[in-house]
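The residues making up each chain are set out below.
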Amino acid sequence: VEVKIEVVIPEKERSKEEMSPNGKASPLIYKVNGTARHYHLEEHPIASNPYHNPKDVVEASVCHVKDLENGQMREVDLGCGKALLIKESGEFHAVGHKCPHYGAPLVKGVLSKGRVRCPWHGACFNIGTGDIEDFPGLDSLPRFQVKIEKEKVYIRASKQALQTQRRTKMMAKCISLSNYNLSSTNVLIIGAGAAGLVCAETLRQEGFSDRIVMCTMDRHLPYDRPKLSKSMDSHPDQIALRPKEFFCTYDIEVLTEMQVAAVDVKSKIAVFKDGFKMEYNKLLIATGNTPKTLSCKGKEMENVFNIRTPEDANRVVKLATSKNVVIVGASFLGMEVAAYLAERAHSVSLVELEHVPFKKFFGERVGRAVMKMFENNRVKFYMQTEVSELREQEGKLKEVVLKSGKVLRADVCVVGVGAVPATGFLKQSGINIDSKGFIVVNKMMQTNIPGVFAAGDAVTFPLALRNNKKVNVPHWQMAHMHGRIAALNMLAHGTEISTVPYLWTAMFGKSIRYAGHGEGFDDVVIQGDLDELKFVAFYTKSDEVVAVASMNYDPIVSKVAEVLAAGRTIRKRDVDLVTALWFFSFRTGDMSWLTGKGS
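First things first, this report covers the structure right here in the doc. Here the structure is a predicted model, which means the values were calculated and not measured.

Reading the values: rules and limits
Residues numbered from 1 in each chain as written. Predicted model: local features only at pLDDT ≥ 70, side-chain atom pairs only at ≥ 80, totals over all residues. Heavy atoms only, no water. Helix = DSSP H or I, 4+ residues; strand = E, 2+ residues; numbered from the N terminus. Expected span 1.5 Å × (residues − 1). Buried < 20%, exposed > 50% of the residue type's maximum accessible area, 1.4 Å probe, protein only. Patch = residues over 30% accessible without salt bridge, like charges linked within 9 Å, V, L, I, M, F, W, Y side chains within 5 Å. Areas by Shrake-Rupley, 256 points an atom, 1.4 Å probe, with all protein chains shown as cover. Salt bridge = Lys/Arg side-chain N within 4 Å of Asp/Glu carboxyl O. Lys, Arg positive; Asp, Glu negative; His and termini not counted. Charge placed at Lys NZ, Arg CZ, Asp CG, Glu CD. Pairing = 2+ DSSP bridges. Core = buried A, V, L, I, M, F, W, Y, C linked by side-chain atoms within 4.5 Å. Domains from an automatic or database assignment. Contact = heavy atoms within 4.5 Å. Phe/Tyr/Trp six-rings, centres within 6.5 Å; stacked < 30°, edge-to-face > 60°. Lys NZ or Arg CZ within 6 Å of the ring centre and 35° of its normal.

With 12 residues, helix α9 (residues 364-375) extends 16 Å from end C-alpha to end C-alpha; this agrees with the ideal 16 Å at 1.5 Å per step. Within α9 the residues assigned to the buried category are Val 366, Gly 367, Ala 369, Val 370, Met 371, Met 373 and Phe 374.

What follows is the structure, given as structure tokens:
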């Protein structure tokens with residue numbers, strides 16, 4: 001009984017690789033302001049057979065056609081690697097079995113309407129092409145062709161594809177950078193986080209061949225910023241989103257340690273802090289947030305940190321080892337830093353104004369369960385109080401004084417009391433900024449100024465999930481999607497954002513996953529056992545489920561995200577049914593309850 005899978009290149013990408021008579025990639029054309037521009041993809045020979053080296057090909061049998069029902073997935077071993085075999089609507093598909101983001105097993109994810117969603121962080125991949133359709137992550141899955149002969153399924157695959165389990169989509173290259181004026185670019189991206197990088201990559205993937213310049217205040221190329229508080233001793237190279245060679249290969253210029261001081265939208269000029277000026281045709285503002293600082297006496301002294309860069313995180317770990325640490329703010333950053341340092345520091349104390357961590361986000365009951373987990377790991381909480389003074393000895397931090405009168409020994413202090421949008425340089429620009437400093441954009445990530453787009457933590461945008469209410473969603477996944485939508489609309493695709501927010505936090509080896517937008521929830525329905533840290537929490541507003549969080553209940557958050565993404569409504573009365581269906585699909589692999597519209 002055999003199943004055969006063969007790696008193929010999706011039609012959309014194969015067309016980009018068709019040969020010209022001279023043996024090089026055929027030039028494609030993209031029009032910029034009505035001018036036809038030619039570009040070549042990376043020039044390398046493309047054979048009609050996608051397997052360039054026959055020795056790199058493996059063929060193995062895996063199952064009979066009747067072994068899988070519709071809506072089921074199976075991880076199959078080809079001897080030198082694994083693939084994910086999927087059956088949907090009577091057809092077989094095969095793709096890489098690991099999510100390219102952090103390596104989650106996709107067989108434990110959610111299959112629905114032609115795509116599979118990662119069980120850990122919610123990234124989505126098209127099962128027919130392997131293309132990434134929702135984030136986080138940058139790469140797509142390798143796709144393998146499935147052949148059925150005499151009711152046997154055969155898999156034929158590239159060994160390299162099986163080993164890497166990822167595929168970077170084909171991208172255009174710039175025409176010739178040597179022809180450009182250094183002070184002029186077609187696309188200028190201010191900010192080199194997830195939104196900025198995905199915007200640049202999407203432009204190249206869609207065939208854009210003009211100049212792209214990214215600028216950042218950071219000294220590093222784009223990196224995985226969430227790891228700064230989850231894996232604090234990571235070297236910048238270890239958390240880089242793309243290697244230096246990638247930017248060179250695809251002609252994406254990155255100006256590091258460059259700060260934009262003002263934008264003249266009438267002249268289409270960005271003015272940098274050092275006086276340098278750059279003209280642009282299209283502009284993306286993706287500057288993110290700036291951490292808030294303390295306002296008390298002693299806030300400027302040595303060993304008081306905001307975690308903003310890899311250097312900040314690395315230095316905190318070094319100074320905190322076997323020392324006394326005080327963390328101000330039970331935010332996601334503050335709690336993750338506390339969890340990371342708990343086993344390394346002599347003591348970890350956490351100061352918070354609320355009486356329970358995460359109360360506004362996860363609710364009081366979940367917050368208390370998380371707080372208990374921290375206390376069991378030697379983290380001491382000082383709640384409903386603030387810092388009144390930081391005291392020093394010989395120029396270094398020695399004590400943190402609380403308004404309650406308590407004095408805490410402290411060799412290191414980490415501040416995690418929130419952030420404000422980094423948009424101060426736009427105040428006189430004419431770009432619409434709301435009262436809190438957020439850039440206001442529409443569903444296509446466009447500002448009120450033609451040709452100017454904004455994305456990431458610094459924006460408010462209409463969230464389809466909440467009836468197009470203007471919201472700020474400072475999530476890593478959402479920044480990726482913002483960047484993609486902005487790029488598509490720079491190219492006049494008219495694409496609107498409709499993704500479901502998805503986030504996660506990791507503490508003491510346990511993860512909380514969250515999907516939706518629960519701002520203003522009025523009730524929390526909890527299934528499972530909070531004491532055992534195995535639960536799912538449904539956040540409701542006026543009888544409607546607006547968000548879900550879970551711990552040790554995978555992949556229910558990804559399942560609910562798919563339901564919400566399909567435009568279906570979950571009512572409070574349906575919560576028990578949703579949980580029961582989760583158990584059913586977990587045991588049987590049947591995801592048919594995800595299909596359909598309405599409630």
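Here we take up a positive patch on the surface. Taken together, the side chains of Arg 315, Lys 318, Lys 323, Lys 396, Lys 398 and Arg 409 make up a positively charged region of the molecular surface. Listing elements by their share of the positive patch, those giving two or more residues are α6 (310-320) and β26 (396-402). Along the chain, the position of Lys 396 falls in strand β26.

This next bit is on the pairing of strand β38 (residues 544-551). Buried residues dominate β38, accounting for seven of its eight residues. With five bridges connecting them, strand β35 (residues 510-516) and β38 associate as antiparallel partners. Bridge pairing links Ile 512 to Met 551 in β38. Counting the residues between successive antiparallel strands, the hairpin from strand β37 (residues 534-541) to β38 contains two residues, one of them, Ser 542, with a positive phi of roughly 55°.

Right, let's talk about the nonpolar core for a bit. Counting 78 residues, the largest nonpolar core has Leu 188, Leu 203, Val 263, Leu 284, Ile 285 and Phe 461 as its most contacted members. Both domains that furnish three or more residues to this core are identified here as domain 1 (57-164) and domain 2 (170-292 + 420-499). Sequence-distant contacts of Phe 461, defined by excluding residues within four places in its chain, comprise Val 441, Met 445, Lys 469, Lys 470, Val 471, Val 473, Met 478, His 482 and Ile 497. Counting residues in hydrophobic clusters, the runner-up holds 50 residues, among them Leu 341, Val 348, Leu 503 and Ala 537.

Once that is clear, we can look at the side chain of His 93. Tracing the chain through its elements places His 93 in strand β7 (residues 91-96). Residues in contact with His 93, not counting those within four places in the same chain, are Leu 84, Leu 85, Ile 86, Ile 127, Gly 128 and Val 146.

Let's shift gears to the pattern of salt bridges. Following the criterion strictly, the structure yields 19 salt bridges and no others. What emerges from the salt-bridge pattern is a single network uniting Asp 139, Arg 166, Glu 201 and Arg 242.

As a further point, take the sheet that holds strand β30 (residues 439-440). Ordered by their spatial adjacency, three strands build an open sheet running β30-β32-β33, and the pairing between neighbours is mixed. Pairing within the sheet leaves two strands with one partner each, and these edge strands are β30 and β33 (469-471). The pairing of strand β32 (residues 459-463) with β33 spans three bridges and is classified as antiparallel. Of the residues in β33, the one forming a bridge with Leu 463 is Lys 469.

So, on to the packing of aromatic side chains. Applying the stated rule across the entire model yields 15 aromatic pairs. Ring geometry for Phe 361 against Tyr 514: centres 4.6 Å apart, planes inclined by 40°, an arrangement best described as tilted. Taken as a pair, Phe 361 in helix α8 (residues 359-362) and Tyr 514 in strand β35 lie far apart in primary sequence, 153 residues in all. Taking relative accessible area as the criterion, Phe 361 reaches 25% and is therefore assigned partly exposed. Accessibility expressed as a relative area gives 2% for Tyr 514, which makes it buried. Sitting over the face of the ring of Phe 246, Arg 242 holds its NZ or CZ atom 4.5 Å from the ring centroid. Between the NZ or CZ atom of Lys 380 and the centre of the ring of Tyr 382, over which it lies, the distance is 5.8 Å.

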